[in-house]
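What follows is the residue order along each chain.
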Amino acid sequence: MKRLMNLRPSKATALIIGLLPFILVVLIYIVASDVRLAENPNDKLLPSMNSIVEAVDRMAFTESKRTGEILFVEDTVSSLERLGLGVLISAVLALLMAIPLGFVPFVRAGLSPFVAAFSMVPPMAILPILFIVFGMGEMAKVALIVIGVTPLIIRDLQQRIMEIPTEQLIKAQTLGGSSWTITLRVVLPQIFPRLLDAVRLTLGTAWIFLISAEAISATEGLGYRIFLVRRYLSMDVILPYVVWITLLAFLFDYLLKHFNYRVFKWYDAGKER
Amino acid sequence: MKSSTVTKLFKKMALSVLVLGLSINSSYAEVKDKFQVSWTIYVGWMPWDYAQQKGIVDKWAKKYGIEIEMVQVNDYIESINQYTAGKFDGCLMTNMDALTIPAAGGVDSTAVIMGDYSNGNDGIILKDKKNLADIKGQTVNLVELSVSHYLLARGLESVGLSEKDVKVLNTSDADMVAAYGTKDVTAMTTWNPQLSEILSNNPSANLVFDSSKTPGEIIDMLVINTETLKDNPKLAKALTGAWFEVMELMKKGDEEALTFMAKASGTDLAGYKSQLDSTMMFYEPSDAVKFADSEELPKTMKKVSEFSFDHGILGEGAPDAEFIGMEFPGGKTFGDKGNIKLRFIDTYVKMAAEGKL
């Protein structure tokens with residue numbers, strides 16, 4: 001007898017049932033929007049698909065009357081610059097700190113409690129201090145991402161380094177490896193794909209800090225635009241922006257994952273893809 | 001058999017979609033006996049908190065056989081957005097926000113009580129410079145598209161500059177005090193209590209322009225959904241009655257009431273009194289009537305409408321500043337008569353002035 005747990009969908013079926021929830025959400029939206037618009041044709045809370053398309057056209061394909069720039073492109077570029085820089089700095093910083101933390105007991109004993117405690121400080125709560133230290137320009141926005149994300153990656157990587165089997169490390173020492181060569185030849189290659197995984201998992205957090213930073217003070221950016229038009233409830237602009245941010249985040253996650261599996265073939269051995 | 005399960009499932013789904021659609025749908029036009037009005041912390045709106053907490057709102061609501069709840073919302077814009085979305089029957093907001101948020105969003109709104117206008121509560125600060133003209137070329141931190149933005153435009157106009165001469169940097173109102181302390185910030189437009197906080201703690205801060213130079217242009221008012229009002233005039237009567245009962249206390253300088261409002265807004269009696277000094281409160285119903293009936297009000301709203309149109313906040317598809325029609329006491333109008341979405345009335349303050357509430 002065939003059990004449910006053993007039935008597997010074909011590729012085509014998987015695609016269709018995978019798309020179903022998305023279609024359902026769009027349908028629910030359209031119905032709910034219609035109901036509201038029937039009562040007040042100018043309702044802004046759930047704009048019709050038409051006005052969303054118009055807003056996208058206006059933001060993404062028409063030059064702004066005031067600056068001559070395409071707002072959507074400008075917003076995306078500046079947000080991605082901030083996010084990219086913030087995540088890159090976090091990843092490099094985390095790698096540089098996590099290896100000594102995970103690998104050298106003296107460093108761990110000295111710094112691990114501090115890093116653990118520091119990672120619990122909510123950056124949003126000490127924002128005024130960050131303003132004074134980093135100013136209110138680009139630096140502050142990148143710094144907010146770095147401060148928010150780095151401790152998370154450090155703690156994850158440190159854990160992974162400590163999980164490297166002792167046998168491997170002993171073996172490498174019997175082969176004549178020094179602490180330095182073992183770091184380079186044993187730890188680093190194993191930790192690098194895990195770093196990329198950690199970056200994937202913290203991307204969501206990085207976006208949160210980016211949007212918050214742009215909400216507080218900015219002249220352009222995806223988060224800036226959302227918080228600006230929120231003032232007059234322009235959901236026709238906000239909704240496409242949210243979809244776009246989600247899409248970008250999803251794309252980064254997908255690319256990082258596949259890059260990781262492509263470059264480090266051993267890493268995904270035995271994992272379900 | 002399989003297909004019937006699918007049909008059942010589909011029916012269930014369709015039903016839940018319908019329920020969802022209906023539940024987020026609100027109905028305005030009906031006679032009701034329970035109302036909710038949202039308010040946020042601001043010097044000119046603290047009387048509402050006092051009126052609610054001390055049972056004055058309840059007393060007047062009971063007189064008209066209804067129930068009214070004043071709901072405090074922490075975020076000012078969120079409060080207006082919720083009102084616009086139909087969650088509240090009334091809301092406290094400024095004249096400019098009433099035009100650009102509910103009215104531009106197609107929600108016909110009526111300003112029932114114009115309680116006060118900003119008479120120095122909003123201002124432009126320059127660091128180390130003493131003349132407004134020095135603002136040229138500087139970056140100005142402000143809440144974009146807010147009354148601060150409007151005040152900046154009016155200030156620039158007064159010294160022959162325009163918004164092109166400065167750079168505007170959107171900054172959250174909650175972060176203004178901290179922002180002033182940073183090196184890059186040299187110019188700022190904000191409102192009380194942040195304004196006085198910055199001015200009193202920083203010798204480098206100079207107030208170069210404030211709303212007392214544009215009297216009557218930033219108005220704080222009680223707005224009620226026009227359809228709700230039409231079906232339930234009792235709501236406006238009860239609220240107006242409660243409001244002027246508190247105004248009576250404030251006019252007398254009732255320490256207990258003022259201290260209560262000061263505490264609720266996070267300051268002390270002296271701090272609250274100094275904020276009141278830069279607020280032109282209409283303690284007398286007759287003054288409120290005079291203000292509503294004045295020739296200045298339509299002129300002010302014309303300026304606000306033009307500013308809003310220039311900044312693209314009159315809503316999409318607005319071809320000019322007259323797209324949204326406004327109505328004033330005495331049958332005066334501004335803009336498109338076929339699209340009147342914001343109404344200023346003196347009906348209820350007049351009743352208060354005549355003692356008919």
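Residues numbered from 1 in each chain as written. Chains lettered and ligands numbered in written order. Predicted model: local features only at pLDDT ≥ 70, side-chain atom pairs only at ≥ 80, totals over all residues. Heavy atoms only, no water.

The secondary structure content of chain B amounts to 15 helices and 14 strands. Taken over C-alpha atoms, the radius of gyration comes to 22 Å for chain B, in line with the 21 Å a tight globule of 357 residues would show. Taken over the C-alpha atoms alone, chain B extends approximately 80 × 55 × 40 Å along its principal axes. By residue count, 58% of the 357 residues in chain B fall in the buried class. Carbon together with sulfur atoms contributes 53% to the accessible area of chain B, which is approximately 14,900 Å² in total. (Helix = DSSP H or I, 4+ residues; strand = E, 2+ residues; numbered from the N terminus. Rg over C-alpha atoms; globule rule 2.2 N^0.38 Å. Buried < 20%, exposed > 50% of the residue type's maximum accessible area, 1.4 Å probe, protein only. Areas by Shrake-Rupley, 256 points an atom, 1.4 Å probe, with all protein chains shown as cover.)

Here we come to the UniProt feature "domain: SsuA/THI5-like" (unreviewed entry) in chain B. Here the UniProt feature "domain: SsuA/THI5-like" (unreviewed entry) sits at residues 51-248 of chain B. Secondary structure within residues 51-248 of chain B divides into 38% helix and 27% strand; the distance between the first and last C-alpha atoms comes to 12 Å. (UniProt positions renumbered as here; feature names shortened; annotations may be inferred.)

The next thing to look at is the sheet that holds strand 7 (residues 167-171) of chain B. Sheet architecture is open: six strands sit in the order 1(A)-7(B)-6(B)-8(B)-5(B)-9(B), paired in mixed fashion. Strands with a single pairing partner mark the edges of an open sheet, and in this sheet they are strand 1 (217-218) of chain A together with strand 9 (205-210) of chain B. Note that strand 6 (residues 139-142) of chain B and strand 8 (residues 187-191) of chain B share two bridges and pair parallel. The residue bridging Asn141 of chain B from the neighbouring strand is Met188 of chain B, located in strand 8 of chain B. Sheet strands in contact with helix 8 (residues 194-201) of chain B are strand 5 (122-127), strand 8 and strand 9 of chain B, and its direction is about 130° off that of strand 8 of chain B. (Pairing = 2+ DSSP bridges. Contact = heavy atoms within 4.5 Å. Axes fitted to C-alpha atoms, helices over the stretch in contact; angles between N-to-C directions.)

As a further point, take unusual backbone geometry. Residues and elements named next belong to chain B. The omega torsion across Asn192 and Pro193 is 5°, close enough to zero to call that bond cis. Relative to the elements of secondary structure, Pro193 occurs in the loop between strand 8 and helix 8. The backbone phi angle of Asp128 is positive, close to 65°, even though this residue is not glycine. Tracing the sequence through the fold places Asp128 in the loop between strand 5 and strand 6. Despite not being glycine, Leu145 has its phi angle at roughly 60°, a positive value. Along the polypeptide, Leu145 turns up in the loop between strand 6 and helix 6 (147-158). Leu145 sits in the buried class, given a relative accessible area of 7%.

The next thing to look at is the side chain of Asp175 of chain B. Position of Asp175 of chain B relative to the elements: it lies in the loop between strand 7 and helix 7 (176-180). Those residues in contact with Asp175 of chain B that lie beyond four places of it in its chain are Phe131 and Ile216 of chain A.

Our next topic: the interface of chain A and chain B. How big an interface is tends to be stated in terms of the accessible area lost upon association of its parts. With 33 residues of chain A at the contact, the number on the chain B side is 49 residues. Here chain A meets chain B over a buried area of about 3,300 Å², counting both sides, of which 58% is carbon and sulfur. It is Met136, Arg231 and Tyr232 of chain A in chain A that bury the most area against chain B; as a group they hold 22% of the surface buried on that side. Where chain A meets chain B, there are two salt bridges. For the pair chain A and chain B, the interface holds eight residue pairs in polar contact (both at pLDDT 80 or more). Put simply, the parts of the chain that give the side of chain A that touches chain B at least two residues each are helix 1 (11-39), helix 5 (127-134), helix 8 (179-216), strand 1 and helix 9 (222-229) of chain A. In terms of residue count, the dominant contributor to the side of chain A that touches chain B is helix 1 of chain A (seven residues). Pairing of strand 1 of chain A with strand 7 of chain B, which is carried by two bridges, proceeds in the antiparallel orientation. Residue Ser217 of chain A lies in a different strand from strand 7 of chain B, and its bridge partner there is Thr171 of chain B. (Buried area = accessible area lost by both parts, 1.4 Å probe. Salt bridge = Lys/Arg side-chain N within 4 Å of Asp/Glu carboxyl O. Polar contact = N/O pair within 3.5 Å; in protein donor to acceptor, adjacent residues only side chain to side chain.)

Where charged atoms from two side chains of opposite charge approach closely, those side chains can pair. Evaluated as defined, the whole model comprises 27 salt bridges over all chains. Of the charged contacts in the structure, one is a salt bridge between Arg225 of chain A and Asp75 of chain A, with a shortest N-O distance of 2.7 Å. With Arg225 of chain A in helix 9 and Asp75 of chain A in helix 3 (residues 71-103), the pair connects residues that are 150 residues apart, well separated along the chain. Across the pair, exposure class does not vary: Arg225 of chain A and Asp75 of chain A are buried alike. Put simply, Glu295 of chain B and Lys332 of chain B hold a salt bridge, and the shortest N to O gap is 4.0 Å.

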